[in-house]
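# Structural characterization, general
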Amino acid sequence: MDSRPMSAAPRFPDLLIHRGYAAPARMEVDVYDLEVDGEIPRELAGCYYRASADPQYPPRLGTDIFLNGDGMIHSVRLENGHADLKTRYVRTEKFKLERAARRALFGAYRNPFTDDPAVAGRNRGTANTSVCWHAGRLLALKEDSQPIELDPRTLATRGTFDFAGALTSKTFTAHPKIDPVSGEMIAFAYNTEGHTSTGIEIHFISASGELTRTERFEAPYASMVHDFHVSQRSIAFTLYPMINDWERVRNGEPFFHWNSTLPTVVAVIPRAEGVRGIRWYRYPGIGMATHSFNSWDEGPVLHLEQFFTGSGWLSQFPDIRDPSARELPPFAKRWSFDLTSPSEEFAQAALFDQIGEMPVIDPRYLTQRARQYFFGTINTDLGPMLEWGPKGPPFTCIGHFDEARGATSFYYAGRNSAPEEPCFVPRSPAAPEGDGWLLTMVGRRAENRTDLVILDARAVGAGPVATIRMPCRLHEGFHGTWVPLEQLPG
Ligand code: V55
Ligand code: FE
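This text gives an overview of the structure that appears in the document. (Residues numbered from 1 in each chain as written. Chains lettered and ligands numbered in written order. Predicted model: local features only at pLDDT ≥ 70, side-chain atom pairs only at ≥ 80, totals over all residues. Heavy atoms only, no water.)

Looking now at the overall build of the protein chain. The helix and strand inventory of the protein chain stands at two helices and 33 strands. For the protein chain, whose C-alpha radius of gyration is 21 Å, the value lies close to the compact-globule estimate of 23 Å for 490 residues. The principal-axis extent of the C-alpha atoms belonging to the protein chain is close to 65 × 55 × 45 Å. Every one of the 490 residues in the protein chain was classed for burial, and the buried ones make up 59%. Across the protein chain, every contact between residues at least 6 apart in sequence was considered, and the portion connecting residues at least 24 apart equals 61%. Split by element, the accessible area of the protein chain, about 19400 Å² in all, is 51% carbon and sulfur. In the protein chain, the 51 positive side-chain charges and the 60 negative ones have mean positions that sit 4 Å from each other. (Helix = DSSP H or I, 4+ residues; strand = E, 2+ residues; numbered from the N terminus. Rg over C-alpha atoms; globule rule 2.2 N^0.38 Å. Buried < 20%, exposed > 50% of the residue type's maximum accessible area, 1.4 Å probe, protein only. Contact = heavy atoms within 4.5 Å. Areas by Shrake-Rupley, 256 points an atom, 1.4 Å probe, with all protein chains shown as cover. Lys, Arg positive; Asp, Glu negative; His and termini not counted. Charge placed at Lys NZ, Arg CZ, Asp CG, Glu CD.)

Right under this line is the structure:
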């Protein structure tokens, strides 16, 4: 623990998570009319929001993991070819208590036993993972706590949002799915009581924003369930043995660890019938996925698509049985389940043969057959790998796999440049699948600056349509969303 007196000014320790382009940014800025190279398409009218984990204070325990930073929201509003930047910390309970104390009071990631006793029982949520827009509400999400509602114009924090008391779980995923056909939001929660446990709840939220139904089932073990799959007919969970255990947490061990002696299983749940119709499948090997692309139905077959690695997420949460085990890169896979067969087996195929992460599709095709896939990637034919950061090797490219044409193309961001998760924006509501733009924050590492790059999603290899130049570095983020201007208030 930091032994300096309470009044000491903060100084971040020299850790990988605090170094170079990953250094805490901590700035809440408004920059009106950012500089632009090229021209922002006039049709792009709306606001891009995304979440990052930007620690307000040096870690209470002297060290930390990058998943534990305080939620900082970045927004870039586009209108008439102009761009305005706004960044704000989410005023979580944690943020406010620490700001008042001028130091960290909360300790390790999801470990309340490491907190200052003065904050016992207070909300540890950081709201640092994703931003979601549904039924006119902007929510900042972190999977260990309930959503936090933000004002979409000012980014001011409105407070915890529990669906008018209908949210039964103390947690809520950072990866809810919005069904573009019904307008419903389908979300889930794991570790639902706020500590390690096996219950998983599925929450159904109507197009108008009411939480109308919750279903609950038990997983075979308590583990990280970061994302899930929703098709028109089914909901599926792929469960990997990145397990958590309250005794280990109490002992101060990392919140998650990899246990490859446990099986990888898939739960398939019919949307209409719910968990009474749950079926379990078994993956014959080990491996882990963090993020899903999409899921869709083809006759009696459910397809689910995700980036899958043959190892766990060992760079962040090591294998306790074999600490020397190394993380393997993720590849895009399609798993296919014949729901009419009694077998617990399923078919696996490569979706395309390219490493990647941060999978994105045209959101109008979520839950249905899609053929346009976008992702962050590294392509050493186009440029060298960059120095590893806290998340491992940074992306150097945005990839596009066009399944209709069987073609893969790349946007290479240039020397010392690292693009982040792309965000797809359709050209118009009626435009064909994949006809639109990709927005991606690009770290200009040599300049300690960030650009928001706009690509034509049908021609990512042609380079930027426009580059919006930030005069500062925005801390690397996780997930974001686009909200069209006509949906925003005021
Ligand atoms: C992930 C991210 C998290 C987290 C747990 O990407 C898993 C996976 C940004 O926070 O808390
Ligand atoms: Fe995620």
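This is not the end of the story, as more comes after the structure.
A few words on the site of ligand 1. Around ligand 1 lies a shell formed by Leu67, Tyr109, Asn128, Thr129, Lys142, Glu143, Met224, His226, Thr290, His291, Trp313 and Phe478. In the model, an oxygen atom of ligand 1 is placed 3.3 Å from a nitrogen or oxygen of the Thr129 side chain. Within the side chain of His226, an N or O atom sits 3.4 Å from an oxygen atom of ligand 1. Here ligand 1 has 310 Å² of accessible area as a free molecule, and 97% of this is covered by the chains. (Near = heavy atom within 4 Å. Polar contact = N/O pair within 3.5 Å; in protein donor to acceptor, adjacent residues only side chain to side chain.)

This part takes up the pattern of salt bridges. Taken as a whole and assessed by the stated rule, the structure comprises 39 salt bridges. The salt bridge involving Arg449 is made with Glu447; its shortest N-O contact spans 2.9 Å. Look at Arg449 and you get buried, because its relative accessible area is 10%. Here Glu447 falls in the partly exposed class, since its relative accessible area comes to 46%. Salt bridges linked by common partners bring Glu149, Asp151, Arg153 and Arg158 together as one network. (Salt bridge = Lys/Arg side-chain N within 4 Å of Asp/Glu carboxyl O.)

Moving on, we get to the side chain of Arg449. Here Arg449 is to be found in strand S31 (residues 449-456). Among the polar contacts listed, one links the side chain of Arg449 to the backbone oxygen of Met470, at a separation of 2.8 Å.

Once that is clear, we can look at the sheet that holds strand S21 (residues 301-309). Ordered by their spatial adjacency, four strands build an open sheet running S20-S21-S22-S23, and the pairing between neighbours is antiparallel. At either margin of the open sheet sits one strand with a lone partner, and together these are strand S20 (288-298) and strand S23 (347-355). The mean inter-strand angle of the sheet, taken between neighbouring strand axes irrespective of direction, is 20 degrees. Strand direction decides the pairing type here: strand S22 (residues 331-338) and S23, joined by six bridges, are antiparallel. Bridge assignment links Arg334 to a residue of S23, and that residue is Ala349. (Pairing = 2+ DSSP bridges. Axes fitted to C-alpha atoms, helices over the stretch in contact; angles between N-to-C directions.)

With that settled, consider the sheet that holds strand S26 (residues 397-402). The strand order across the open sheet formed by four strands is S24-S25-S26-S27, and the pairing between neighbours is antiparallel. Unpaired on one side and paired on the other, strand S24 (357-361) and strand S27 (407-412) mark the two borders of the sheet. Within this sheet the neighbouring strands show an average axis-to-axis angle of 20 degrees, counted without direction. In terms of strand pairing, strand S25 (residues 372-377) meets S26 through six bridges, oriented antiparallel. Directly across from Thr377, in S26, lies its bridge partner Cys397.

Functional significance is not addressed by these values, which are geometric in nature.
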